[in-house]
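Structure at a glance
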Amino acid sequence: TSGAAIWLPITSKEFKPSDAAGDDLVAAAVRQISDEAQKYGLPVVLYPHFGNLIQRVADAARICEKVNRPNVGLTFNLCHWLRADGPDSLHRVMAIAAPHLRLVTINGADRDGHDWDRLIQPLDSGTYDVGLVLRQLRKIRYHGPIGLQGYQVARHFHIEPAENLRRSMAAWQKLAARA
């Protein structure tokens, strides 16, 4: 396989974030996308994003179950999870995600951050212990890709992307060794 995936956020003008009333409509659309993606051997990975119809991991898991296709899964994104569910929900959310988890994105973040400049930081920054996520991923036996979320880090922290990557890779080495 190419390693590519269809990374799919779901928005709506009709339904509010996390509104299960939109599930049947979303599931039908995801099935259509899944069928087309399957022709090319591509997975479809739902992307829970704060403020979107699929806002929480639980929303994405609910759609995965309704769609019931082997090439449809979900993303655990640290910053959107912190914003939508909060840091004390990690074990519960990972248990919900585990059967469908295909992609994880991490970054530095403040444990109680509410704004994006506190929720998306270089991996070596912030008050949230990202090692908790890595240990939970090990516990649920996740072996898929883990990416670095770097949206707006250069702007908010006045560091170049190459510097963010260098710092974050050094932090990753330490986190991975401890996990």
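Residues numbered from 1 in each chain as written. Predicted model: local features only at pLDDT ≥ 70, side-chain atom pairs only at ≥ 80, totals over all residues. Heavy atoms only, no water.

A few points about the environment of Q32
Stated precisely, the cut-off is as follows: Counting from the N terminus, the helices are DSSP H or I runs at least four residues long and the strands are E runs at least two residues long. Think of it in three bands: residues with accessible area under 20% of the maximum for their type are buried, residues over 50% are exposed, and the middle band is partly exposed, with areas taken using a 1.4 Å probe on protein chains only.
With respect to the helices, strands and loops of the structure, Q32 is situated in helix α1 (residues 23-38). The exposure class assigned to Q32 is exposed, which follows from its relative accessible area of 56%. For the pair Q32 and V67, spaced 35 residues apart in sequence, the C-alpha separation works out to 9.8 Å.

Re the nonpolar core
Heads up, the condition is: Buried Ala, Val, Leu, Ile, Met, Phe, Trp, Tyr and Cys residues form a nonpolar core when they are joined through side-chain atoms within 4.5 Å. Contacts are residue-level and defined by heavy atoms, with any inter-residue pair within 4.5 Å sufficient.
Counting residues in each nonpolar core, the largest one holds 46 residues, and the members touching the most others are V30, F76 and V133. Among the elements that line this core, the one with the most residues is helix α2 (residues 57-67), at 6 residues. Excluding residues that lie within four positions of it along the chain, V133 makes contacts with F76, L78, L90, M94, I106 and Y128.

Quick notes on the packing of aromatic side chains
Under the convention used in this document: In this analysis, rings of Phe, Tyr and Trp, with Trp reduced to its six-membered ring, are considered paired at centre separations within 6.5 Å, and the interplanar angle assigns stacked below 30 degrees, edge-to-face beyond 60, and tilted for intermediate values. Charges are assigned to positions over rings by a cutoff of 6 Å between ring centre and Lys NZ or Arg CZ, combined with an angular limit of 35 degrees from the ring normal.
Applying the stated criterion across every chain yields a total of 4 aromatic pairs. Seen from their ring centres, W7 and Y47 are 4.5 Å apart, and the 35° between their planes marks the pair as tilted. In this pair, W7 sits in strand β1 (residues 6-8) while Y47 sits in the loop between β2 (44-46) and α2, placing the two residues 40 residues apart along the sequence. Clustering of aromatic rings is evident, with ring pairs tying together F76, W81 and Y128. The cationic tip of R83 hangs over the ring face of W116; the distance from NZ or CZ to the ring centre is 5.0 Å.

Remarks on the environment of V45
Locating V45 in the fold gives a position in strand β2. The exposure class of V45 is buried, given its relative accessible area of 4%. Measuring from C-alpha to C-alpha, the distance between V45 and W172 comes to 24 Å, with 127 residues separating the pair along the chain. Residues within four places of V45 in sequence aside, it is in contact with A5, I6, W7, L8, G73, L74, T75, R102 and L103.

Points about unusual backbone geometry
The phi angle of most residues is negative, glycine excepted, and most peptide bonds adopt the trans form. Even without glycine at this site, S18 takes up a positive phi of about 65°. Its place among the elements puts S18 in the loop between β1 and α1. Its identity is not glycine, yet Q152 carries a phi of approximately 65°, on the positive side. Examined against the element boundaries, Q152 turns out to sit in the loop between β5 (146-148) and α7 (153-157). For Q152, a relative accessible area of 25% translates into the label partly exposed.

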